[in-house]
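Report on the structure
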Amino acid sequence: MSDNVLEKEISVSDVILEVKRIRNDFPILSERFSSETGTVKSLVYFDNAATTQKPRAVLDALQNYYQHQNANVHRAIHKLGERATFAYENSRKKVAQFINSRSTREIVFTRGTTEAINLVAHSWGRKFIKPGDEILLSEMEHHSNLIPWQLLAKDRGALLRFIPFSKSNGTLQMANLNHFITEKTRLISVTHMSNVFGTINPVRGLIQKAHERGIPVLLDAAQAVPHLPTDVQELDCDFLAFSGHKMCGPTGIGVLYAKEKFLEDMDPYQGGGEMISSVWLDKATWNELPHKFEAGTPNIAGAIGLGAAVDYLSDIGMEKITLYEQKLTTYALSRMQEITEMKIFGLAPFRGGVISFYMGKIHPHDMAQYLDSEGIAVRAGHHCAQPVMRKLGILATTRASFYFYNTYEEIDFFIEIVKKAREFFGYGTQ
Ligand SMILES: *Cc1c(COP(=O)(O)O)cnc(C)c1O
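Residues numbered from 1 in each chain as written. Predicted model: local features only at pLDDT ≥ 70, side-chain atom pairs only at ≥ 80, totals over all residues. Heavy atoms only, no water.

Section: the packing of aromatic side chains
Applying the stated criterion across every chain yields a total of 22 aromatic pairs. With a centroid separation of 6.3 Å and 70° between ring planes, the pair formed by W124 and F239 is classed as edge-to-face. Linking W124 in helix 5 (residues 113-128) with F239 in strand 9 (residues 239-243), this pair joins segments that are 115 residues apart in sequence. Take W124 and F239: they sit in the same class, and that class is buried. (Phe/Tyr/Trp six-rings, centres within 6.5 Å; stacked < 30°, edge-to-face > 60°. Helix = DSSP H or I, 4+ residues; strand = E, 2+ residues; numbered from the N terminus. Buried < 20%, exposed > 50% of the residue type's maximum accessible area, 1.4 Å probe, protein only.)

Description of the site of the ligand
The immediate surroundings of the ligand are formed by 13 residues, with T114, D220, Q223, S243 and K246 found nearest. The contact in question runs from an oxygen atom of the ligand to an N or O atom on the backbone of T113, over 3.4 Å. Within the side chain of H245, a nitrogen or oxygen atom sits 2.7 Å from an oxygen atom of the ligand. Contact with the protein chains removes 87% of the 380 Å² of surface that the ligand exposes when unbound. In the shell around the ligand, the residues fall into one nonpolar, 10 polar and two charged. (Near = heavy atom within 4 Å. Polar contact = N/O pair within 3.5 Å; in protein donor to acceptor, adjacent residues only side chain to side chain. Areas by Shrake-Rupley, 256 points an atom, 1.4 Å probe, with all protein chains shown as cover. Nonpolar A, V, L, I, M, F, W, Y, C, P; charged D, E, K, R; others polar.)

Things to note about the domain arrangement of the chain
Its domain assignment divides the chain into domain 1 (13-46 + 317-424) and domain 2 (58-314). The straight-line distance from the C-alpha centre of domain 1 to that of domain 2 is 28 Å. Listed per partner, the contact involves 36 residues of domain 1 and 34 residues of domain 2. Around 2,600 Å² of area is buried between domain 1 and domain 2 when both sides are counted, 62% of it from carbon and sulfur atoms. The largest per-residue losses of area from domain 1 upon contact with domain 2 belong to M318, K391 and Y403, which jointly make up 25% of the total buried on that side. At the junction of domain 1 and domain 2, the tally comes to one salt bridge. We note a salt bridge from K391 to E139, for which the minimum N-O separation is 2.7 Å. Scanning the region where domain 1 abuts domain 2 turns up 20 residue pairs in polar contact (both at pLDDT 80 or more). (Domains from an automatic or database assignment. Contact = heavy atoms within 4.5 Å. Buried area = accessible area lost by both parts, 1.4 Å probe. Salt bridge = Lys/Arg side-chain N within 4 Å of Asp/Glu carboxyl O.)

Quick look at the sheet that holds strand 9
Pairing is mixed in the open sheet, where seven strands are placed in the order 4-10-9-8-7-5-6. What marks the edges here is a single partner per strand, and that holds for strand 4 (107-110) and strand 6 (159-163). On average, each strand axis in the sheet is inclined to that of its neighbour by 20°, with strand direction left out of account. Here strand 8 (residues 217-220) pairs with strand 9 via three bridges, running parallel. Bridge pairing in strand 9 links L219 to L240. Taken strand by strand, helix 4 (residues 79-98) contacts strand 4, strand 9 and strand 10 (254-258), and its axis lies near 115° from that of strand 4. Sitting on the sheet, helix 5 is in contact with strand 4, strand 7 (185-191), strand 8, strand 9 and strand 10, with an inclination near 150° to strand 9. (Pairing = 2+ DSSP bridges. Axes fitted to C-alpha atoms, helices over the stretch in contact; angles between N-to-C directions.)

Quick word on the pairing of strand 11 (residues 276-279)
Where strand 11 lies against strand 12 (residues 284-286), two bridges are found, and the strand directions are antiparallel. Each bridged residue has a counterpart across the sheet, and for I276 the counterpart in strand 12 is W286. The turn joining strand 11 and strand 12, which pair antiparallel and follow one another in sequence, is formed by four residues.

Thoughts on unusual backbone geometry
P290 follows L289 through a cis peptide bond whose omega is 0°. Of note in the backbone geometry, H74 takes a positive phi value of approximately 70° without being a glycine. With respect to the element layout, H74 can be found in the loop between helix 3 (56-69) and helix 4. With relative accessibility at 30%, the residue H74 sits in the partly exposed group.

A look at the nonpolar core
Grouped together as the largest cluster of nonpolar side chains are 111 residues, with contacts concentrated most on L240, F404 and F414. Top contributing element to this core by residue count: helix 11 (residues 300-316), with 11 residues. Domain assignment of the residues forming this core places at least three in each of domain 1 (13-46 + 317-424) and domain 2 (58-314). The residues touching F414, leaving out its near neighbours within four places in the chain, are F46, M336, F357, L371, I376, V378 and A400. Grouped together as the second largest cluster of nonpolar side chains are 27 residues, L152, L187, F239 and L289 included. (Core = buried A, V, L, I, M, F, W, Y, C linked by side-chain atoms within 4.5 Å.)

Looking at the packing of helix 13 (residues 364-372) against helix 15 (residues 408-424)
Relative to each other, helix 13 and helix 15 sit at 125°, their axes nearing to 10 Å. Of the possible angle classes, the one that applies to helix 13 and helix 15 is oblique. When the axes of helix 13 and helix 15 are compared, the crossing they make is right-handed. Facing M367, Y370 and L371 of helix 13, the residues of helix 15 in contact are F414, I417, V418, K420, A421 and F424. Tallied by class, residues from the contact of helix 13 with helix 15 come to eight nonpolar, no polar and one charged. (Parallel < 35°, antiparallel > 145°, perpendicular 65-115°, else oblique. Left-handed = near helix turned anticlockwise from the far one by under 90°.)

Here is the structure:
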């Protein structure tokens, strides 16, 4: 099996996205800003690794829910309650299909990737991790896939180990994997795609190796599910976490996919309404999957919005999205490398559209601010990955990250402004 989605033969004509038409689906992309000098700037949104914009289909689904369906789910014996429950559970079906899960019992709605990982660390980890056990992560994890395991390790007396990454190109150093997987490894939890380097990690091979030794694998797919076709059965991961807002959906909704046998074995994450079957004053029994893990009134509108996002992405086609973004990223990288002082962190052969960069004299925040003055939204900072920055020996990078609604013209404009920043901050003037 291959880890490179691009190896699939898709003719070039299939890759042509009707980006103009697609952009019309996103009202916010026509926002304008007037600068201090009074000139009007169009929005160039290159902060998609932080959150993505929402198409009208998603905005409409939210509006429609509150206008025509609003009621609490699962409980009411009235028409609105039935509508809300149907729409909520129908979204779960859509999500299950989108990642090719076997059943809706494997799809738990959460607040996002962060809550999904915390759920596993809490419910699975606190039950199955014993003192001396090891959890294997990588050095390139988002804090969301690091801190929950630190908390668990401290609580249970377990040890965290890390697959290192190469400073030269931001890929995981998998050659010595056997050194990191030991007799005591109980779980491997890694990011499918790095939110700093854009690296797409070879997770299929890793999962196969782990399973040969009976070790379950969690994938942080916050950057993967929005950009790559995802098939949990083909990947054979045991847990997979992602966020709605990074894939055109609303904030405050995300997904934990887990194989049913794991969810069956796990205790509830939170207690409250909805997650129970029968309750006495001194004990309770649990609702069936996945409701056992959804205590309290869920983010009904969010789930329905995510269902609409999934429909929207499926209509365009995830393979097309991947290929278009790959081409756009290759173009951006080659144009950025025209600039002498440009240092790009993460030049993996298989990568997505997240580009972290640095130009020696220019502070990453100054660069971001300069770009913002021209309407270009990028991020500057540690990208919730302080250990990554520490290993690179820097405090921050500027990060441009793309989605399928971005264009070649926007990249040209970005390059033009980066070159202007370079002169403004004192390069190329000597
Ligand atoms: C954004 C992100 C997260 C956290 O997602 P939330 O939506 O903030 O919960 C975790 N991991 C990666 C790789 C991310 O990019």
